Structures are given as C-alpha cells and as structure tokens.
Amino acid sequence: MSDRSGSSDSLDDGTSEGIDGFGDRAPSDTDGPSRTGRLDSEVRQGSPYTESQVIMPTVKVVAPFAFTYGLFVTFHGGGSPGGGFQGGAIMAAVVFMIAFAFGIEATREWLANTVVVGLAVGGTLVFAGIGIVTMTQGGAFLQYELLPVPLSRINRVTYGMEAVEILGIASIVSGVLMGLFFLLARGFSSEGGASGTGDSTARTDGGDDR
Amino acid sequence: MSFVETTVVAGYTVSDFLLAAAAGFVVLAVGMLYRAVKGPTMQDRVLAVNVLGTNTVVILAMLGAALSEPTFLDIALIYALLNFLMAVAISKFTVERGGVL
Amino acid sequence: MSGVDLVAAGSVPQPVIAQVTAIEASLFVFVVLTAIVTALARDVLAAVIVFGAYSLGMAALYTFYRAPDVAMTEAAISAGVTTILLLLTLAKTTRIDHEVAFESVNLPAAGAAGLLFVGLLLTTAEIPAVGDPDAPAWSNVDVTQWYIAETYAETGVENAVMAVLAAFRGFDTFGEAVVVFAAGIAVLVVLRREVFA
C-alpha cells in the first residue's frame with residue numbers, strides 16, 4: 001500500500017502542479033485589485049466568508065472525532081450496526097467537512113489524486129483479490145476458510161470478512177465519494193473550452209481539431 | 001428486561017414514557033418543518049435544519065433507551081457529528097450561492 | 001396522512017395494524033409532509049433542505065423498526081453525502097428565485113401517482129403485520145432462522161447483517177462495490193475529467 005503511493009508520488013506531481021497553477025491564479029487576481037484600491041463587492045466579501053473564524057476552529061475540533069468515529073464504525077461492523085459502507089461514507093464526509101471549512105481547492109491540493117484513485121481502485125482490487133485467492137485454493141469466490149493464513153478456521157472467516165469490509169468496501173466508498181465531491185466541485189471540463197478560448201486567435205488551427 | 005421495561009409508574013413503564021416523549025419531539029419537528037418550508041430567508045432554513053438535526057439526535061437517543069438497544073446511540077452519534085456538516089455546508093452555500101465554497 | 005390511512009385500514013379485520021403507536025404516527029406524518037414538500041417546492045435549495053429533513057425522519061423510522069444498519073446508512077449517506085453533493089450541483093447551476101413557494105401540480109401526473117399509490121395501498125392488507133412471528137420473511141427455517149442461529153458459529157461475528165453482506169452474499173456485495181466504483185468512473189466520463197482530485 002505504502003510503496004504504491006510512494007511510487008506514484010512522482011506521477012502525481014505533474015498533475016498537482018497544474019492544479020496549483022489553476023488554484024493560485026484566482027487569489028492573485030483578487031489581490032491585484034485590492035492593492036490598487038478597486039474593491040468590488042465579491043473581492044471584499046470573499047476573504048472573511050471563505051476563512052470563517054467560527055467554522056475553521058470548530059472543524060479542527062470536530063473532524064478528528066468524526067474521522068475516528070468513521071474508523072470505529074468500519075472496524076466494529078462485526079459487533080454493532082455499521083460496516084464498511086457506512087464508515088466509508090462518514091470518513092468521506094469528514095473530507096467534505098474539511099473542504100467546506102478550508103476551501104475546496106486547498107483540500108484538493110492537500111489530498112492528492114493518487115490517494116483518491118488508490119482508495120477506489122485498491123479497494124476493488126483487494127475485494128476481488130481476496131475472492132480470487134480462495135478460488136485458487138479450490139473453493140468458491142470469497143470462501144474465507146480457505147484463505148492461506150495461519151489462523152483457526154473461524155478466525156480466517158472473521159478476519160477475511162473484516163479485510164473485505166475495511167480494505168475493500170470502506171476504501172471504495174470513501175474514495176469514490178471523495179472523487180464525486182471533487183469532480184462536482186470542479187464541474188464540467190472546459191478542456192473543450194481550452195480550444196474555445198483560443199478560438200478567435202487560432203480559428204484556422206481549431207478547424208481541423210474538430 | 002432492563003429497568004425501562006420493568007419499572008412501572010402509574011400503570012405505564014418508563015419505556016412508554018420515553019416513547020411518548022420521543023413522539024412529542026417528532027411533533028415539534030413537524031412544527032419546525034413549517035419554518036424550513038416557509039423561510040422567509042435562507043438563514044431561517046439553516047437554523048431549522050440544524051434544529052431538526054438536533055431534534056433527531058434526541059429522538060434517536062430516546063428510542064435507544066426506550067427499546068433497550070444501546071447500539072442505537074451509534075446512529076444518534078452519526079447525526080450529532082454530521083448535522084454540523086450539513087449546517088456548515090448550507091450556511092456557506094447561502095453566501096453568494098456557493099461562490100465562496 | 002399515511003398514519004391516518006393505516007389507522008383506517010384497521011377497519012379491515014387485521015387488529016395488529018390498528019396498533020399504530022404515537023411515535024409511528026407522528027413520524028409517518030413528518031415523513032409524508034417532507035416528501036410532499038420536497039416534490040412541490042419551487043425553490044431548489046429549499047427542496048434540498050427539506051429532503052435532508054425527510055431523511056432524518058426516515059432514519060428515526062428505521063431505528064424504531066429495529067433496522068439500525070439501514071438507519072445508519074441513511075444517516076451517513078443523507079446527512080453526510082447527498083445534501084453536500086446536491087448543494088455542490090446547485091452551486092454549479094443557476095437557480096431562479098421564484099415568487100411562488102410551490103410548484104403548480106400537473107393534474108394528469110398527480111392522478112397517475114395517486115392511482116399507483118392507491119394500488120400499492122390495496123396490497124398492504126396482505127403484508128404481514130410488523131413484528132408478526134408468522135411472517136414468511138421471519139419464520140423461514142432455511143433462511144432467516146438459519147442465519148440467526150448459525151451466523152456466529154459460522155463466521156464469528158455478532159452482526160448478522162454484516163455476515164450476510166460480507167460472507168453469505170459476498171458475491172452480490174462485490175457486484176455492489178463494483179457498481180459504486182463504476183459510478184465514480186461514469187462521473188469522470190460525463191464531466192470529461194481524467195483525475196478526481
């Protein structure tokens with residue numbers, strides 16, 4: 001798990017730099033007019049609301065508890081109501097909370113794309129992997145008692161289920177929900193719009209592009 | 001049988017009292033719904049949804065006690081933690097219609 | 001509203017249905033009211049807020065009927081995720097401020113929905129009463145009773161719901177997990193993005 005994120009860090013740097021550049025442009029644009037004294041209402045009201053003195057400290061206090069509770073629900077699904085789906089949703093909700101308090105762009109930079117994709121893809125692979133390992137032992141899909149681990153039969157079943165819940169379902173749900181959040185926060189891609197902005201200058205070039 | 005089912009006051013068990021109180025809180029929630037629907041401003045709605053969430057925490061806790069199911073408190077705890085998220089999200093959304101998110 | 005209907009259905013000789021407790025009746029009223037307002041509210045933000053309130057009522061109702069796993073899912077998904085995603089979508093789209101509070105009702109659509117409602121209501125007489133020990137879903141020796149009796153010995157976990165999800169019906173759950181994963185991919189495709197974050 002750790003070596004996966006480590007190896008892909010270099011891969012992610014390129015994408016996050018592009019996002020950095022995108023995110024940094026907006027504040028620098030707003031700083032410019034404020035220095036020259038031309039404050040339209042959007043710039044003036046922008047900073048006190050985005051960095052609320054009430055919301056940010058409260059989220060700092062609440063978020064660790066909520067995240068711990070999400071972990072509890074995930075890990076304790078066998079003994080009380082809950083499980084991977086609910087716990088994953090709570091942990092994703094903590095990320096939403098942080099994003100609303102500290103800004104979505106800042107959270108997007110803090111939480112690299114590698115983490116989100118790794119959670120979603122890794123969870124699916126772990127779930128499928130555990131199922132397929134038991135099939136290679138000659139059993140059915142997810143026949144936990146055939147897992148090749150040195151435990152008693154009942155413990156193999158219990159810990160196999162917990163592994164599927166924690167590493168599989170909770171990872172998938174939290175990763176996909178975080179991804180949906182960031183995707184919806186960014187909206188429809190203006191990639192077509194990139195050629196659209198350069199439309200007037202590069203109309204002759206853009207013609208064959210379409 | 002826990003004490004909420006065995007202790008009898010005036011012909012009713014403690015469980016009955018707790019359920020009746022929970023029903024009373026649901027009636028209060030219906031009343032608060034008027035404020036959430038009518039508005040007139042968005043701040044009214046934010047407050048209404050916050051009150052509704054806190055109300056639900058109380059209702060769930062009372063249900064857990066009345067039905068002698070302590071694990072129901074887990075659900076109340078989720079609402080206690082995430083209701084804050086809903087209030088923050090809606091209140092920040094009402095500023096410039098999500099322009100400051 | 002629905003509580004009244006259930007009480008009225010008590011005139012059919014099914015004595016157990018008539019025993020709608022106060023908390024059930026008030027929760028029914030709350031849930032039905034919020035559902036109607038969500039459908040009719042003209043202001044989309046008000047509809048989102050009232051939809052959050054609807055899920056609060058549903059979670060309490062699930063809890064009262066001793067389905068804590070479902071109630072917990074409703075709580076985590078509705079309070080934590082659905083409202084947030086709907087708000088983000090609203091922030092990306094435009095909302096027109098309306099003078100009128102409620103949508104005008106399309107009478108043919110309302111009639112069709114009403115007919116469906118009445119049709120479904122007629123079937124409720126055949127549904128076993130809440131807590132009926134002879135209900136097929138409960139008294140089935142090969143399924144429900146077997147799970148209740150054997151789950152701990154077979155899997156070592158106390159929560160039979162999780163045991164069914166992760167072990168006895170593990171392949172179905174794998175399908176659901178892949179559906180969740182595919183939903184993330186689908187949004188990537190629809191929004192023409194290549195990275196999540």
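Everything quoted here is computed from the prediction, not taken from an experiment.

## A few points about the pattern of salt bridges
All names here are of chain A.
Phase 1 of the analysis: Taken as a whole and judged by the stated rule, the model has four salt bridges over all chains.
Phase 2 of the analysis: When the shortest N-O distance is used, the salt bridge between Glu105 and Arg108 registers 3.2 Å. Here Glu105 and its partner Arg108 are both found in helix α6 (residues 104-110), three residues apart, which amounts to about one turn of the helix.
Phase 3 of the analysis: On the basis of relative accessibility, which here comes to 2%, the residue Arg108 falls in the buried class.
Phase 4 of the analysis: A salt bridge links Arg186 to Glu105, with the shortest nitrogen-to-oxygen separation between them at 3.6 Å. Highlighted residues: Arg186 in helix α8 (residues 153-186) and Glu105 in helix α6, separated in sequence by 81 residues.
Phase 5 of the analysis: For Glu105, a relative accessible area of 27% gives the class partly exposed.

## Some details on the interface of chain A and chain B
Phase 1 of the analysis: Facing the 21 residues of chain A at the interface are 16 residues of chain B.
Phase 2 of the analysis: Applying the counting criterion to the chain A and chain B interface returns zero salt bridges.
Phase 3 of the analysis: For the pair chain A and chain B, the interface holds two residue pairs in polar contact (both at pLDDT 80 or more).
Phase 4 of the analysis: Secondary structure elements with two or more residues in the side of chain A that touches chain B: α3 (41-50), α4 (55-75) and α5 (84-102) of chain A.
Phase 5 of the analysis: In terms of residue count, the dominant contributor to the side of chain A that touches chain B is α4 of chain A (eight residues).

## Some remarks on the environment of Ala128 of chain A
Phase 1 of the analysis: With respect to the helices and strands, the residue Ala128 of chain A is situated in helix α7 (residues 113-136).
Phase 2 of the analysis: For the pair Ala128 of chain A and Phe141 of chain A, spaced 13 residues apart in the sequence, the C-alpha separation amounts to 8.8 Å.
Phase 3 of the analysis: Beyond its immediate stretch of four places on either side in the chain, Ala128 of chain A contacts Phe141 of chain A together with Phe174 of chain C.

## Points about the UniProt feature "transmembrane region" (unreviewed entry) in chain B
All names here are of chain B.
Phase 1 of the analysis: Look at the UniProt record and you will see "transmembrane region" (unreviewed entry) annotated at residues 12-34, 46-66 and 72-95.
Phase 2 of the analysis: Taken as a whole, residues 12-34 contains 91% helix and 9% strand, while its terminal C-alpha atoms sit 33 Å from one another.
Phase 3 of the analysis: Each end of residues 72-95 is marked by a C-alpha atom, and these two atoms are 36 Å apart; helix forms 96% of the span and strand 0%.

## Notes on helix α7 (residues 144-155) of chain C
Phase 1 of the analysis: The end-to-end C-alpha separation of α7 of chain C is 16 Å, in line with the 16 Å expected for twelve residues at 1.5 Å each.
Phase 2 of the analysis: For α7 of chain C, the full list of buried residues reads Tyr147, Thr151 and Thr155 of chain C. Along the axis of α7 of chain C, the buried positions cluster into a sector of 35 degrees, meaning they face one direction only. Relative to its buried face, α7 of chain C has exposed residues pointing more than 90 degrees away, namely Ala149, Tyr152 and Ala153 of chain C.
Phase 3 of the analysis: Taken together, the buried residues of α7 of chain C touch α8 of chain A together with α8 (160-168) of chain C.

Thresholds applied
Each chain carries its own residue numbering, running from 1 in the written order of its sequence. Chains and ligands are labelled by the order in which they are written, letters from A for the one and numbers from 1 for the other. Local features are withheld for residues below a pLDDT of 70 in this predicted model, meaning they are given only at 70 or higher, and side-chain atom pairs are given and counted only at 80 or more; totals for whole chains, interfaces and linings count all residues. By convention in this description, side-chain values take in all heavy atoms of the structure and omit both hydrogens and water. Here a salt bridge means any side-chain nitrogen of Lys or Arg lying within 4 Å of a carboxyl oxygen belonging to Asp or Glu. Numbering of helices and strands starts at the N terminus; helices are DSSP runs of H or I of at least 4 residues and strands are runs of E of at least 2. Burial classification: accessible surface area is computed with a 1.4 Å probe over protein chains only, and a residue below 20% of its type maximum counts as buried, one above 50% as exposed, and the rest as partly exposed. The criterion used for residue contact is that any of the two residues' heavy atoms lie within 4.5 Å. Nitrogen and oxygen atoms within 3.5 Å of one another constitute a polar contact, given that in protein one can donate a hydrogen and the other can accept it, and given that sequence-neighbouring residues count only through two side-chain atoms. UniProt positions are given in the numbering used here, feature names are shortened, and annotations may be inferred rather than shown by experiment. Given a helix with a known number of residues, its expected span is that number minus one, times 1.5 Å. Our arc is simply the arc of the directions from the helix axis toward the C-beta atoms.

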